[in-house]
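# Summary of structural features
Listed below, chain by chain, are the residues.
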Amino acid sequence: MELESILLPGIDAKRPLIIAGPCSAETEEQVMQTARELSSRGIKIFRAGIWKPRTKPGGFEGVGADALPWLKRVKTELGMYTAVEVATAKHVRDCLTNDVDILWIGARTSANPFAVQEIADALEGIDIPVLIKNPVNPDLDLWIGAIERIYNAGIRKIGAIHRGFSTADKKIYRNLPQWHIPIELHRQLPNLPIICDPSHIGGKRELIAPLCQQAMDLNFDGLIIESHCHPEKAWSDAAQQITPAVLEFILNTIVIRDITQSTESLAALRRQIDELDDSLLELLARRMRVSNEIGQYKKEHNMPILQAQRYDEILQHRISQAEKMEMDAEFMKTVLVAIHEESVRHQMIIMK
Ligand code: PEP
Ligand code: MN
């Protein structure tokens, strides 16, 4: 892919590129106040959703095109660039006629090739940066497919946004980071800038700072962060938005490591290992939780903990799976036996 820089004139090339603004444009006052507070802290790109894809109907679905004049004020009065989510050809046309500077495609839209193609067709012949969020489901090819559709429409200023992946298990994250997916995207498309969206990954304010740091440690190019003048009163995603002042604090606190030197590449690889180990631990903990539920069930139904046939099947099946993935059978057996022992220990506690 032959890409051009997504950076607009006046935007500093050094990492991280920062985009900030409310989940949704709500009122002209909220947009202007938030933008003023961000602009005075050096933020140059203002995000705001105006058409909101909600999981369920009845929620706040955005003010729509009526918010476009507010965003124009943000541009003319504060000199910021504006970024808006588009999901249809009409959204694209409305944004273009109202001088929106950057478009992004949301996670529900990038999961749908029909919708992405419709947007791509509407972009034919236009020169505007387009950021493409990962689809809600953890499917790298679908993400790359969306990027290719936009590229094939002639857009050359393209970036990806990692916003995590849908999960029913919302213990820690709203959307699981699954860092290996954007890392693999970078391996396949090394010229494509990748921006992290800690707000939608974390789903809660407290997770924004650590997620920003992780994204920087993994060498992401930028951050898109939801910021609202009164986060607790936000009409959408209230739990994950932060004030411009908190955003400034976080941006001043995170450590940006330079990874150009070779020792730094080693450090980056080690950080990848750390991330993967974190994911492994998280998975193991989840497995133990399910195992506990099984223990509860067995207790209520008077069943023994150890079901030899099931255990045997698990061992055989997983070991042959592991061999196909180029891992040693003995190694896999050791791991599985250890996991099983820990599961049994958990279940014995429940049975007591
Ligand atoms: C958003 O950025 O407000 C949004 C709706 O995000 P996503 O598409 O990642 O869910
Ligand atoms: Mn949001």
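Note that this is a predicted model, so its numbers are computed, not measured.

### Things to note about the domain arrangement of the chain
Domain assignment breaks the chain into domain 1 (17-253) and domain 2 (264-351). The straight-line distance from the C-alpha centre of domain 1 to that of domain 2 is 36 Å. Of the residues lining the interface, 10 residues belong to domain 1; the matching set on domain 2 comes to 8 residues. Of the roughly 820 Å² buried between domain 1 and domain 2, counting both surfaces, carbon and sulfur atoms make up 54%. It is Asp169, Asp217 and Leu218 in domain 1 that bury the most area against domain 2; as a group they hold 40% of the surface buried on that side. For the pair domain 1 and domain 2, the number of links is 3 residue pairs in polar contact (both at pLDDT 80 or more). Looking at the side of domain 1 that touches domain 2, the elements with two or more residues in it are helix 7 (180-188) and helix 9 (208-217).

### What to know about the coordination of the manganese ion (ligand 2)
In the first shell of the manganese ion (ligand 2), the protein supplies Cys23 (SG), His200 (NE2), Glu226 (OE) and Asp237 (OD), at 2.0 to 2.4 Å from the metal. Donor residues binding the manganese ion (ligand 2) come from one chain and are separated in sequence as C-x176-H-x25-E-x10-D. One end of the pair, His200, is in helix 8 (residues 198-202); the other, Asp237, is in the loop between strand 10 (222-226) and helix 10 (244-253), with 37 residues separating them in the sequence. For the pair formed by His200 and Asp237, the shared burial category is buried.

### Structural notes on the nonpolar core
Formed by 68 residues in total, the largest nonpolar core has its most connected members in Ile150 and Leu185. At 7 residues, helix 6 (residues 140-152) tops the list of elements feeding residues into this core. Among all residues touching Leu185, those that are not within four sequence positions of it are Leu140, Trp143, Ile144, Ile147, Ala160, Leu192 and Ile194. Counting residues in each nonpolar core, the second largest holds 14 residues, with Ile6, Ile45, Tyr81 and Ile161 among its members.

### Considering the side chain of His200
Assessed through its relative accessible area of 8%, His200 is described here as buried. A polar contact is formed between the side chain of His200 and the side chain of Asp197, at a distance of 2.8 Å. Within polar-contact distance, the side chain of His200 engages the side chain of Asp237 at 3.1 Å.

### Concerning the packing of aromatic side chains
Tallied over the full model, the rule gives 2 aromatic pairs. The interplanar angle of 90° and the centroid separation of 5.1 Å between the aromatic rings of Phe60 and Trp235 together place this pair among those described as edge-to-face. Taken together, the positions of Phe60 in the loop between strand 2 (45-47) and helix 2 (68-78) and Trp235 in the loop between strand 10 and helix 10 put the pair 175 residues apart, joining distant regions of the chain. Ring centres of Trp179 and Phe220 lie 5.6 Å apart, and the angle between their planes is 80°; this geometry places the pair in the edge-to-face category. In this pair, Trp179 is assigned in the loop between strand 8 (175-176) and helix 7 and Phe220 in the loop between helix 9 and strand 10, connecting sequence segments 41 residues apart. For the pair Trp179 and Phe220, one class covers both residues: buried. When the ring centre of Tyr151 is taken as origin, the NZ or CZ atom of Arg156, which lies over that ring, is 3.7 Å away.

### A word on the site of ligand 1
The immediate surroundings of ligand 1 are formed by Cys23, Arg47, Lys52, Glu85, Trp104, Gly106, Ala107, Arg108, Lys133, Arg163, His200 and Glu226. Side-chain polar atom of Lys133 to an oxygen atom of ligand 1: 2.8 Å apart, as the coordinates give it. Side-chain polar atom of Arg163 to an oxygen atom of ligand 1: 2.6 Å apart, as the coordinates give it. Relative to its unbound accessible surface of 300 Å², ligand 1 loses 98% to contact with the protein.

### Here's the deal with helix 10
The complete set of buried residues in helix 10 reads Pro244, Leu247 and Ile250. In an axial view of helix 10, the angular spread of the buried residues amounts to 115°, which keeps them on one side of the axis. Opposite the buried face of helix 10, by more than 90 degrees, sit the exposed residues Phe249 and Asn252. Packed against the buried residues of helix 10 are strand 1 (17-21), helix 1 (28-39), helix 9 and strand 10.

### Considerations on empty space enclosed by the protein
Summed over all chains, the structure comprises 3 cavities of 30 Å³ or more. Estimates place the volume of the largest cavity at around 60 Å³. Lining the largest cavity, in full, are Ile6, Leu7, Leu8, Ile11, Leu17, Ile19, Ile45, Ile102, Pro129 and Leu131. Split by residue class, the lining of the largest cavity holds 10 nonpolar, no polar and no charged.

Criteria and cut-off values
- Within every chain, residues take consecutive numbers counted from 1 along the sequence as written.
- Just so you know, chain letters begin at A and ligand numbers begin at 1, following the order they were written in.
- pLDDT decides what is reported in this predicted model: residues at 70 or higher carry local features, side-chain atom pairs at 80 or more are listed and counted, and totals for whole chains, interfaces and linings draw on all residues regardless.
- Based on all heavy atoms of the structure, the side-chain values leave hydrogens and waters out of the count.
- Where each domain begins and ends follows an automated or database-derived domain assignment.
- Any two residues having at least one pair of non-hydrogen atoms within 4.5 Å are treated as being in contact.
- Defined in terms of a 1.4 Å probe, buried area is the accessible area two parts forfeit on being brought together, summed over both.
- Side-chain atoms alone can form a polar contact between residues adjacent in sequence; in general such a contact is a pair of N or O atoms within 3.5 Å, and within protein one must be able to donate a hydrogen while the other accepts it.
- Helix and strand definitions here come from DSSP, where helices need a minimum of 4 consecutive H or I residues and strands a minimum of 2 consecutive E residues; each element is numbered from the N-terminal end.
- Sites may look incomplete because water is not among the atoms; the donors themselves are N, O and S atoms within 2.8 Å of the metal, or within 3.2 Å for Na, K and Ca.
- Here the term buried applies to any residue with accessible area under 20% of the maximum for its type, exposed to any over 50%, and partly exposed to those in between, with areas from a 1.4 Å probe on protein chains only.
- What makes a nonpolar core is a set of buried Ala, Val, Leu, Ile, Met, Phe, Trp, Tyr and Cys residues whose side-chain atoms join them at distances within 4.5 Å.
- Two aromatic rings from Phe, Tyr or Trp, using only the six-membered ring of Trp, form a pair when their centres are within 6.5 Å; if the ring planes differ by under 30 degrees the pair is stacked, by over 60 it is edge-to-face, and anything between is tilted.
- Placement of a charge over a ring requires the Lys NZ or Arg CZ to be within 6 Å of the ring centre, with the centre-to-atom vector within 35 degrees of the ring normal.
- We define proximity as follows: a residue is near a molecule or strand when any one of its heavy atoms falls within 4 Å of that partner.
- Throughout, the Shrake-Rupley method with a 1.4 Å probe supplies accessible areas, and for residues the shown protein chains are the sole cover considered.
- The directions from the helix axis to the C-beta atoms form the arc being described.
- Using only the protein atoms, space was sampled on a 1 Å grid; points where a 1.4 Å probe fits but cannot get out form cavities, open sets with protein on both sides within 12 Å along at least five of seven lines form pockets, and lining residues are those with an atom within 4 Å of a point.
- Grid points are joined across faces, edges and corners, and a volume is the space filled by probe spheres set on the points.
- Throughout, the ten residues Ala, Val, Leu, Ile, Met, Phe, Trp, Tyr, Cys and Pro are labelled nonpolar, Asp, Glu, Lys and Arg are labelled charged, and all others, Gly among them, are labelled polar.

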